[in-house]
Amino acid sequence: MSTVLLPAAGGGTRAYTPRDEPPRTTPGGPPFTSRTVFSAAHVVADPFADVAPDGPAAVDWDATLAFRRHLWAHGLGVAEAMDTAQRGMGLDWAGAAELIRRSAAEAKAVGGRIACGVGTDQLTLPADPLTVRTAYEEQLDVVESSGAQPILMASRALAAAATSPDDYLETYGHLLRQAAEPVILHWLGPMFDPALEGYWGSADLDAATDTFLEVIAAHPDKVDGIKVSLLDADREIALRRRLPKGVRCYTGDDFHYPGLIAGDDHGFSHALLGIFDPLGPLAADAVRILDTGDAKGFRELLDPTVALSRHLFQAPTRYYKTGVVFLAWLAGHQSHFTMVGGLQSARSLPHLARAYELADGLGLFPDPALAAARMRSLLTVHGVSQ
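First, a word on what this report is: a plain description of the structure on this page. (Residues numbered from 1 in each chain as written. Predicted model: local features only at pLDDT ≥ 70, side-chain atom pairs only at ≥ 80, totals over all residues. Heavy atoms only, no water.)

**Thoughts on the overall build of the protein chain**
Move 1: Scanning the protein chain from terminus to terminus reveals 14 helices and ten strands.
Move 2: Taken against the 2.2 N^0.38 rule, which gives 21 Å for 386 residues, the C-alpha radius of gyration of the protein chain at 20 Å falls within 12% of a compact globule.
Move 3: Considering only C-alpha atoms, the protein chain reaches an extent of 60 × 50 × 45 Å along its principal axes.
Move 4: With 386 residues in all, the protein chain has 55% of them scored as buried.
Move 5: Sequence separation of 24 or more characterises 70% of the internal contacts of the protein chain that already satisfy a separation of 6 or more. (Helix = DSSP H or I, 4+ residues; strand = E, 2+ residues; numbered from the N terminus. Rg over C-alpha atoms; globule rule 2.2 N^0.38 Å. Buried < 20%, exposed > 50% of the residue type's maximum accessible area, 1.4 Å probe, protein only. Contact = heavy atoms within 4.5 Å.)

Structure, rendered in structure tokens:
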């Protein structure tokens, strides 16, 4: 395959030769037995909609649902209407509610596992804690009515309204008592959303952890698991060792996921990860290796992906979605590189070029020639002559 001229450090270009063999991963395979694994999935924008970046999202529903079928075909669960789907960054509650209903119906039709985000993003700030609780209840009803498992997401409105840890204990306690089935609790760190600084009532993470565990301890029968997205492996390990028996830890750590999922003599983490959007087939193969008890083989397959993940999730971390959607376009899962909210502009050309190089090196593209052609077209638009 001919070379692709990529931006070079300090200016100019450098030649990169793409791989010419497609990956060996194929859909199918036995269900996972050792870990529960969700991919937080992105949404596909409608590129022909005449919308403004701050207007309601225009979603290409066919392409969006097709991508979820792709994940289910490889055995992964779908974590729907989460941060990866641009909740609060282009996708409003009306769009998220429709996404939840459509994806849950699709999951039922194909037998796929799905869990959906419950938040408070229909609110206009400021809001008092009672109003926040009512907003949570509205979204919980939509998710439960759709037949999906709820994920209680961290709330910007609650972070702004809460005056002490008691506000978190009261709000989450009420929601857990009301939930029909066990939910997943989500602790999203401020590196993903600066508005969540001080969640659980304290900027001191040790104090916040104590409050978080107090919520779980009061209602262990209503908590299937917790999703931790703090990008701190040691803290996640310490937290999962303190969980009540039967409560899972789902890692959301896109920097340290191989070791956290592999685990140690004291336990392991399941997974609910944004990076498993582009890594879906490869991640599925790795988990099936782990299912055989081969932790070394699991790490050998998954460890090389960490460089790509750290690149996509580098600060400002909340813009990782741009790289995720970019790779979906290169991989042929969608026909364009357009995002709701116009976030295709949130990362630089050198950043995207490096993401392409790392993903190609991992063999993530089903058609390497298509990925190279699309990369060249983007470079040309940016003034890089090929």
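**Concerning the nonpolar core**
Move 1: With 118 residues, the main nonpolar core has Tyr-172, Leu-185, Tyr-199, Ile-226, Phe-276, Phe-326 and Tyr-356 as its most contacted residues.
Move 2: When near neighbours in sequence (up to four residues on either side) are disregarded, Tyr-199 contacts Tyr-136, Met-153, Ala-154, Ser-155, Leu-158, Ala-159, Tyr-168, Tyr-172, Trp-187 and Ala-208.
Move 3: Residues Phe-38, Ala-40, Ala-115 and Met-153 belong to the second largest nonpolar core, which totals ten residues. (Core = buried A, V, L, I, M, F, W, Y, C linked by side-chain atoms within 4.5 Å.)

**Topic: the environment of Arg-177**
Move 1: Looking at the secondary structure, you find Arg-177 in helix 5 (residues 165-178).
Move 2: By relative accessible area, which is 54% here, Arg-177 ends up exposed.
Move 3: Separated by 44 residues in the primary sequence, Arg-177 and Asp-221 place their C-alpha atoms 9.8 Å from one another.
Move 4: Other than its neighbours up to four places away in sequence, Arg-177 contacts His-219 and Lys-222.

**As for the sheet that holds strand 7 (residues 183-188)**
Move 1: The strand order around the closed barrel formed by eight strands is 3-4-5-6-7-8-9-10, and the pairing between neighbours is parallel. Sheet twist, expressed as the average angle between the axes of neighbouring strands with direction ignored, equals 25°.
Move 2: Bridging between strand 8 (residues 223-229) and strand 9 (residues 248-251) involves four bridges; their strand directions are parallel. In the sheet register, Val-228 faces strand 9, and the bridge partner there is Thr-251.
Move 3: On top of the sheet, helix 3 (residues 129-146) reaches strand 5 (114-118) and strand 6 (149-152); it is set at about 165° to strand 5, its chief contact. (Pairing = 2+ DSSP bridges. Axes fitted to C-alpha atoms, helices over the stretch in contact; angles between N-to-C directions.)

**Some points on the environment of Pro-23**
Move 1: Positionally, Pro-23 belongs in the loop between strand 2 (13-16) and strand 3 (37-40).
Move 2: Sequence-wise, Pro-23 and Asp-367 are 344 residues apart; in three dimensions their C-alpha atoms are separated by 8.5 Å.
Move 3: Non-local contacts of Pro-23, meaning those with residues more than four positions away in its chain, are made with Gly-363, Phe-365 and Pro-366.

**Regarding unusual backbone geometry**
Move 1: In this structure, Pro-126 follows Leu-125 across a cis peptide bond, with omega equal to 0°.
Move 2: Mapped onto the secondary structure, Pro-126 falls in the loop between strand 5 and helix 3.
Move 3: With an omega of -5°, the peptide bond between Ala-315 and Pro-316 qualifies as cis.
Move 4: Tracing the backbone shows Pro-316 in the loop between helix 11 (306-312) and helix 12 (320-330).
Move 5: Even without glycine at this site, Gln-86 takes up a positive phi of about 70°.
Move 6: Among the residues examined, Gln-86 registers a relative accessible area of 1% and is labelled buried.
Move 7: One non-glycine residue, Trp-200, adopts positive backbone phi at about 70°.
Move 8: Tracing the backbone through its elements, the reader meets Trp-200 in the loop between strand 7 and helix 6 (205-218).

**Section: the environment of Val-340**
Move 1: Within the secondary structure, Val-340 is located in the loop between helix 12 and helix 13 (349-362).
Move 2: Since its relative accessible area comes to 5%, Val-340 is described here as buried.
Move 3: As a C-alpha pair, Val-340 and Val-59 span 281 residues in sequence and 7.5 Å in three-dimensional space.
Move 4: Discounting chain neighbours no more than four positions away, the residues touching Val-340 are Val-43, Ala-45, Ala-57, Ala-58, Gln-86, Met-89, Gly-90 and Leu-91.

**Let's talk about the packing of aromatic side chains**
Move 1: By the definition in use, this model includes 18 aromatic pairs.
Move 2: Relative to Tyr-356, the ring of Tyr-16 lies with its centre 5.8 Å away and its plane at 80°, an arrangement referred to as edge-to-face. In this pair, Tyr-16 sits in strand 2 while Tyr-356 sits in helix 13, placing the two residues 340 residues apart along the sequence. Both residues of the pair, Tyr-16 and Tyr-356, belong to the buried class. (Phe/Tyr/Trp six-rings, centres within 6.5 Å; stacked < 30°, edge-to-face > 60°.)

**Describing the pattern of salt bridges**
Move 1: Scanning the model with the defined rule gives 16 salt bridges in all.
Move 2: For Glu-357, the salt bridge is made with Arg-14, and the minimal N-O distance between the two is 2.6 Å. With Glu-357 in helix 13 and Arg-14 in strand 2, the pair connects residues that are 343 residues apart, well separated along the chain.
Move 3: Put simply, Arg-14, Arg-354 and Glu-357 are held in one network by salt bridges that share partners. (Salt bridge = Lys/Arg side-chain N within 4 Å of Asp/Glu carboxyl O.)

**Observations concerning the pairing of strand 8**
Move 1: In terms of burial, strand 8 is largely enclosed, as seven of its seven residues are buried.
Move 2: Note that strand 7 and strand 8 share six bridges and pair parallel. Residue pairing in the sheet places Ile-184 in a bridge with Gly-225 of strand 8.
Move 3: Handedness of the strand 7-helix 6-strand 8 crossover: right-handed.
Move 4: Running through helix 7 (residues 233-240), the crossover from strand 8 to the neighbouring parallel element strand 9 is right-handed. (Right-handed = clockwise from strand over helix to strand, strands pointing away.)

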